[in-house]
Amino acid sequence: MFLTISSEKVFKIWLSDPSDSEQTKQTAFHSFKKRISSWRFQIKNIVFLQKLKFMLEANYIQLIKILSVTIDPKRIITNPLQTLAYGTDASFYRLIPKIVILARTEKEIVEILRQAYPLQIPVTFRSAGTSLSGQAITDSVLIVATHGWKNYKIFDNNTRISLDPGIIGAKANAYLSPLGLKIGPDPASIGAAMIGGIVGNNASGMCCGTSQNSYKTITDLRMVFFDGTILDTTDPNSIADFKKSHPEMITAIENLRDEIKSDQQLFQRIQHKFKIKNTTGYSLNAFVDFEDPIEIIKHLMVGSEGTLAFTSNVTFQTVIDEKYKSCTLMIFETIKAACDATLLLKSSPVSAVELLDRKSIKSVENDPEAPDYLKTLPNTACVLLVECRENDLEQIKIKQDAIRNCVDSIPTLTPYQFTMDPKQYSFNWKARKGLLPTVGGLRKTGTTVIIEDVAFPLHRLAEAVVALVKLFEKYEYHDAVLFGHALEGNLHLVFSQDFSTPTEVQRYSNLMDDLVVLVVDRFDGSLKAEHGTGRNMSPFVEKEWGSKAYEMMKRIKKIFDPENRINPGVLINPDPKSHLKNLKPMPKSNEWIDKCIECGFCEPNCVSEGLTLSPRQRIVIAREISRLKATNEDPERLAQMLKDSTYMLDETCAVDGLCAMACPVNIDTGQFVKEWRSNHISESQKKIASTLGNHIAETTATLRTTLNIVGGFQSVLGNSAMSKISGGITTISGGAIPKWIPNLPKGSHKIKTAAINSGDETPIKKHFSSYEIKKGVPDNQILNTFSEELKVVYFPSCINRSMGNSNLYDKEDPVLIDKTEELLKRAGYTVIYPEDIDNLCCGMPFSSKGYTETADVKSNELEAKLMTVSENGKYPILYDMSPCFKASKDHFKRELSIVDPIEFMLDHVMPRLKVKQKRESIAIFPICSAKKIGMTDKLMEIAKLCANTVTLIESTCCGFAGDRGFTVPELNAYSQRDLKKQIPAGCYEGYSTSRTCEIGLEEHSGLNFKSIFYLIDEVTK
Ligand SMILES: Cc1cc2nc3c(=O)[nH]c(=O)nc-3n(C[C@H](O)[C@H](O)[C@H](O)COP(=O)(O)OP(=O)(O)OC[C@H]3O[C@@H](n4cnc5c(N)ncnc54)[C@H](O)[C@@H]3O)c2cc1C
Ligand code: SF4
Ligand code: SF4
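Heads up: these notes are all about the structure in this document. Just so it is clear, the structure is predicted and the values come from calculations on it, not from any experiment.

**Some points on the overall build of the protein chain**
Inference 1: Of the regular secondary structure elements, the protein chain holds 42 helices and 27 strands.
Inference 2: The 1021 residues of the protein chain split such that 59% are buried.
Inference 3: A fraction of 74% describes how many contacts in the protein chain between residues 6 or more apart in sequence connect residues 24 or more apart.
Inference 4: A total of about 40700 Å² of accessible surface is found on the protein chain, and carbon and sulfur atoms cover 54% of it.

Structural data, given as structure tokens:
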């Protein structure tokens, strides 16, 4: 009885302490339950446990109920698949939130905090989730503030920019770039990380150092506190109101300030610690640098890792983004020499100095662009990548000389030159930036990639580097590479770690213990220089700062969050082992995705992110499914996950592969999803696909007829009636028959046999006889090899052979195939078609659905036919759809000169025609395949030749994804939700290079969207 009562008491106290995770509590309860053996105790404890579970759950249920009144319930997520997906960040920790709320406005944040706090429910804020130390995860309520948080304003003569927390750092820079400006903080993750997290972590990178980080460059902040109160430091009224409503908070901050200022030892310690980069614990320098409590609050928020309040807007002072950038690799014989040189460089006009140890260089020396001498460097060598920037070409030379003079006294192994050559410049930086992915990509499947992030006083850097290398050798982390922002004494050690066995966890634990002693006791450095304390370093904050400063930090937390409900367990955590708990499993799943480091860099490129899953989230789910299958731990959960993944993981993926463009380890999640689809296809479905593949002519003919019949009904019934009827049919068929849309095109027509290979009526000018057709030869070389006759093989895609013009706009215009032939002839080409054209297909419509075998058959067949018609590659082959071109480019094995529609038009058609009357205003959309093969600029070039004003539509994939726009129209609608806002007044036409994408673009833009071939034809007639 005693045991039960006292246990009840203990558990009740524990329950109200949110510094421990719910997961930990639940596990402990289970073992507690097991331990009590007597039946009386059992019954009592079961009753107690159920009461407790009920109490826990009831509060969450209550919260959902209350919030659903003001927040769209669709944005309050409890589905296990999505909570796991959203719960994941880039760290190696895993907690699964009970509720994920996709908050869109500050009003919603106020409401969530006002309701959650009294219910004793902890909340965690999240922006891009690229954090590495476990600060953006929770097992309670995760508030994701990304979509809807995109407002910005540049003001005060361009000296300031105010940004919502959901704006990606690189996007903020894109707004400022035309002004020659940028924001100060420059983490390597800036392409994905968002303002909320950049400020939350006080993130920094190669160039910003400690002088242009968020702490130094924020001028104002708008915050929401635990009780829902808003403080906007740009607004004197808000400040006055806050001071009136929260006098005790102001007094507490002032007391802390005065205590610190009157304690010289502590005051100086704080000053000293922030001379180098430091993100361990709170920004205590706020008390040293500022007098005004509002300024102190503002600066305490920087680097507070979402543990004090929510940031709803940030104003930064803008900084110069120099026009000219040059860099060099200085190679020194030893690490010591490189570190000594860094000390000297500190007083020279450098913008960045990055250190790369010999192992780092080894991992990039086989890159085709790497200079040969890298391979011959001795094992002791160490490289400094030195950057120099200026707005003026003469000045940059002066700066380069100054840098050279500064380090003259320390010999380098090879002579060095500063370079502005884009190829060399980008190799140097690619080498540096690719180090984390290189280790990540090479690691053993099932292991995690870990990046340590420490800083040392600069004058002891050499000693510290040597000590660190020895430490990693001691624990046999043989793949560890060392690099970092040398100028700031900031070093990263990247290595792989297995967390699947207790021995391996212990090895990591030992390493961490020794690392702490090395960094703190031996060098008085920072345990986290830029990645934030998170859960990873929370047990060691006191060790680094000492008990007096740590007590101050605990008081800060109490002032802002009296009941420890705002991101508990992060930054301040009494558990000395919190860095070893809740480790993320990394099970083997599928070769396409096993190397994923869950960094989240791919998310901004993904069309379904925010609708269902992002690429990272798809991978997380696939891994969990593999884990559940392997462990058989929870069959019910597995079944539910598999069921939900059909729509979330599979059906809403556009398989466009744009995610791969941002992935540091080159993962194309689209390819993985294609394989997933393929594995979930039945034999009978495969047979149907194969039959269709064998009867492309009949399939396209049927589609043409159907489209014409539907078009006929549309003209008779009108759009409104059609919409209703089709909606009904879709519902009755349970979604099997796709919904009709007014923008559905009419049918195309069969290519007339007479037209085939009949281009010889046109004047023959030159031909490609001497043209060496090689896959991969830049197409612009074609022109240099012309001789007499000008012939082109035209491969009209099966889509264009089926689908004609828009039923709404260009009913009477010639279909694309006729238009293309006419245009090519006007440009002087003889047009030849492949034999049996009606039956040809690139295979892409099959491969995108997972019918890889049929896709391969069709692609091989096409390749053979094109080989014949082009006389073994003698003539170039024009595609009229970019996706088909890309599919063939990736699949063909023989040396054929296939050409993308954009490239062919720009390089081989436009130079032969004269633009007679430019269009006034047009919009263009580079489809995914065009983006992936780098055709966006060329599409823009064509557009600018043809129109006075060109709007480049900003979007990821259009979401139409072949025919997915018909079957999963919400993906297309979601992708194009902001499309209309982008279209300027007076713009009525849009151009692209994929018929199906154009259907969706037309529907959501209200523009007449068609192939760029029409534009070229019309302006050159
Ligand atoms: C491959 C890789 C490289 C990286 N390189 C660097 C680097 O060079 N330098 C560097 O400093 N970091 C780096 N990071 C770490 C990380 O990307 C940065 O710290 C980044 O700024 C985090 O931004 P985020 O939007 O992902 O924030 P999140 O991870 O979502 O959140 C970060 C923290 O801020 C809090 N937060 C988020 N939004 C708000 C809000 N609106 N209000 C209050 N609190 C909020 C969260 O609770 C969390 O504690 C890297 C990460 C990866 C994966
Ligand atoms: S797929 Fe690539 S970019 Fe996306 S989370 Fe994984 S490693 Fe990062
Ligand atoms: S293929 Fe496209 S939709 Fe699918 S995960 Fe990648 S970016 Fe997202």
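That was the structure; now back to the text.
**Quick notes on the site of ligand 3**
Inference 1: Around ligand 3 sit 13 residues, and of these Cys606, Cys653, Asp656, Gly657 and Cys659 come closest.
Inference 2: Elements supplying a minimum of two residues to the shell around ligand 3: helix 23 (615-631) and helix 26 (669-679).
Inference 3: Looking at the shell around ligand 3, its residues break down into seven nonpolar, four polar and two charged.

**Looking at the side chain of arginine 801**
Inference 1: With respect to the secondary-structure elements, arginine 801 resides in helix 30 (residues 798-802).
Inference 2: No salt bridge forms around the buried arginine 801; measuring N to O, its nearest opposite-charge neighbour aspartate 838 is 4.6 Å away.

**Remarks on the sheet that holds strand 22 (residues 877-879)**
Inference 1: Taken in spatial order, the four strands of this open sheet run 21-19-22-23, and their pairing is parallel. Strands with a single pairing partner mark the edges of an open sheet, and in this sheet they are strand 21 (830-832) and strand 23 (898-899).
Inference 2: With two bridges connecting them, strand 22 and strand 23 associate as parallel partners. Residue pairing across strands places leucine 878 opposite valine 899, the latter belonging to strand 23.
Inference 3: Running over the sheet, helix 31 (residues 816-826) touches strand 19 (791-795), strand 21 and strand 22 and is turned about 170° from strand 19.

**What about the pairing of strand 4 (residues 141-144)?**
Inference 1: Side chains Val141 and Ile143 of strand 4 all project onto a buried face; the interleaved residues Leu142 and Val144 project onto the opposite face, where all are buried too.
Inference 2: Here four bridges tie strand 2 (residues 99-102) to strand 4, and the two strands are oriented parallel to one another. Across the sheet, residue isoleucine 101 finds its bridge partner in strand 4, namely isoleucine 143.
Inference 3: Pairing analysis gives four bridges linking strand 3 (residues 123-126) to strand 4, with the strands arranged parallel. In the strand pairing of strand 4, arginine 126 is matched with valine 144.

**Here's the deal with the environment of cysteine 663**
Inference 1: Structurally, cysteine 663 is set in the loop between helix 25 (658-662) and helix 26.
Inference 2: In sequence terms cysteine 663 and proline 437 are 226 residues apart; their C-alpha atoms lie 8.9 Å from each other.

**So, helix 37 (residues 936-946)**
Inference 1: If you check which residues of helix 37 are buried, you get Lys938, Leu939, Met940, Ile942, Ala943 and Cys946.
Inference 2: Buried residues belonging to helix 37 abut helix 35 (901-909), strand 24 (919-924), strand 25 (947-952) and helix 42 (1012-1020).

**A word on the packing of helix 24 (residues 635-651) against helix 26**
Working note: a packed helix pair is described by the angle between its axes plus the distance between those axes.
Inference 1: Between helix 24 and helix 26, the shortest axis-to-axis distance is 10 Å and the interhelical angle comes to 140°. It follows that helix 24 is oblique to helix 26 by the angle criterion. Listed contacts from helix 26 to Ser645, Leu649, Asp650 and Glu651 of helix 24 are Phe672, Val673, Trp676 and Arg677.
Inference 2: Across the contact of helix 24 with helix 26, the residue classes tally to four nonpolar, one polar and three charged.

**A word on the sheet that holds strand 26 (residues 989-992)**
Inference 1: Read across the sheet, four strands follow the order 25-24-26-27 without closing on themselves; strand pairing throughout is parallel. Of all the strands in the sheet, the pair left with one neighbour each is strand 25 and strand 27 (1008-1011). Taken pair by pair, the neighbouring strands of this sheet meet at an average axis angle of 30°, ignoring direction.
Inference 2: Of the pairings in the sheet, the one linking strand 24 to strand 26 comprises three bridges and is parallel in character. Residue pairing in the sheet places isoleucine 924 in a bridge with tyrosine 991 of strand 26.
Inference 3: On the sheet, helix 37 packs against strand 24 and strand 25 and is oriented at approximately 150° with respect to strand 25.

**Quick word on the site of ligand 2**
Inference 1: In the neighbourhood of ligand 2, 13 residues make up the surrounding shell, with Cys596, Cys599, Gly600, Cys602 and Cys663 lying closest.
Inference 2: When grouped by side-chain class, the residues that make up the shell around ligand 2 number ten nonpolar, one polar and two charged.

**Remarks on the state of the cysteines**
Inference 1: On inspection of all chains with the given rule, the structure shows zero disulfides.
Inference 2: Looking at the unpaired cysteine 382, the closest cysteine sulfur is the one in cysteine 339, lying at 6.1 Å.

**Quick notes on the packing of aromatic side chains**
Inference 1: Applying the stated criterion across every chain, the model contains 22 aromatic pairs.
Inference 2: Relative to tryptophan 545, the ring of phenylalanine 274 lies with its centre 5.6 Å away and its plane at 40°, an arrangement referred to as tilted. One end of the pair, phenylalanine 274, is in the loop between helix 11 (264-273) and helix 12 (285-289); the other, tryptophan 545, is in helix 21 (residues 541-545), and 271 residues separate them in sequence.
Inference 3: Among the residues examined, phenylalanine 274 registers a relative accessible area of 17% and is labelled buried.
Inference 4: Look at tryptophan 545 and you get buried, because its relative accessible area is 3%.
Inference 5: Pairing phenylalanine 795 with tyrosine 879 gives two aromatic rings, centres 5.2 Å apart and planes at 70°, and the pair type is edge-to-face. With phenylalanine 795 in strand 19 and tyrosine 879 in strand 22, this residue pair connects regions lying 84 residues apart in the sequence. Grouping residues by exposure puts phenylalanine 795 and tyrosine 879 together as buried.
Inference 6: Cluster of aromatic residues (ring-pair linked, three or more members): Phe92, Tyr93, Phe499 and Tyr508.

**Comments concerning the nonpolar core**
Inference 1: The biggest cluster of nonpolar side chains holds 86 residues, and the ones touching the most others in it are Leu824, Leu866, Tyr879, Phe904, Met905, Val909 and Ile1016.
Inference 2: Per element, the largest residue contribution to this core is six residues, and it comes from helix 42.
Inference 3: Excluding residues within four positions of it along the chain, valine 909 makes contact with Leu823, Leu824, Ala827, Tyr829, Phe904 and Ile1016.
Inference 4: With 61 residues, the next largest nonpolar core counts Phe92, Leu468, Phe523 and Met537 among its residues.

**What about unusual backbone geometry?**
Inference 1: Residues other than glycine seldom take positive phi values, yet aspartate 156 does so here, at roughly 50°.
Inference 2: Tracing the chain through its elements places aspartate 156 in the loop between strand 5 (152-155) and strand 6 (160-163).
Inference 3: What makes aspartate 156 partly exposed here is its relative accessible area of 45%.

**Notes on the environment of leucine 913**
Inference 1: Mapping leucine 913 onto the fold places it in the loop between helix 35 and strand 24.
Inference 2: The exposure class of leucine 913 is buried, given its relative accessible area of 15%.
Inference 3: Sequence spacing of leucine 913 and alanine 827 is 86 residues, and the spatial spacing of their C-alpha atoms is 6.1 Å.
Inference 4: With residues up to four places along the chain from it excluded, the contact list for leucine 913 reads Leu823, Arg826, Ala827, Ile1016 and Thr1020.

Definitions and cut-offs
Along each chain, numbering runs from 1 in the same order as the chain's sequence is written. The order in which chains are written sets their letters, starting at A; the order in which ligands are written sets their numbers, starting at 1. Residues qualify for local features only when their pLDDT is at least 70, as the model is predicted, and side-chain atom pairs are given and counted only at 80 or more; totals for whole chains, interfaces and linings, by contrast, use all residues. As a convention, hydrogens and water are excluded, and side-chain values are obtained from all of the structure's heavy atoms. What counts as a helix is a DSSP run of H or I of at least four residues, what counts as a strand is a run of E of at least two, and both are numbered from the N terminus. Summary of the burial criterion: residues with accessible area below 20% of their type's maximum are buried, those above 50% are exposed, and those between are partly exposed, where the area comes from a 1.4 Å probe applied to protein chains only. Working rule for contacts: check all heavy atoms of both residues, and any pair within 4.5 Å makes them a contact. Residue-level accessible areas treat just the shown protein chains as cover; the underlying method is Shrake-Rupley with a 1.4 Å probe. Consider each residue's heavy atoms; a residue with any of them within 4 Å of a molecule or strand counts as near. Residues are sorted three ways: Asp, Glu, Lys and Arg are charged, Ala, Val, Leu, Ile, Met, Phe, Trp, Tyr, Cys and Pro are nonpolar, and all the rest, Gly among them, are polar. Here the positive residues are Lys and Arg and the negative ones are Asp and Glu; neither His nor the chain ends is included. What counts as a salt bridge is simple: a side-chain nitrogen of Lys or Arg found within 4 Å of a carboxyl oxygen of Asp or Glu. In this scheme, strands are said to pair when DSSP sees at least two bridges between them. For helices, the axis comes from a line fit to the C-alpha atoms of the stretch in contact; other axes are also lines fit to C-alpha atoms, and the angle between any two N-to-C directions lies between 0 and 180 degrees. Reported orientations rely on four angle classes, namely roughly parallel under 35 degrees, roughly antiparallel over 145, roughly perpendicular from 65 to 115, and oblique for the rest. Any pair of cysteine sulfurs within 2.5 Å is marked as a disulfide. Two aromatic rings from Phe, Tyr or Trp, using only the six-membered ring of Trp, form a pair when their centres are within 6.5 Å; if the ring planes differ by under 30 degrees the pair is stacked, by over 60 it is edge-to-face, and anything between is tilted. Among buried residues, the Ala, Val, Leu, Ile, Met, Phe, Trp, Tyr and Cys ones that are joined through side-chain atoms within 4.5 Å form a nonpolar core.

In short, shape yes, function no, at least from these values alone.
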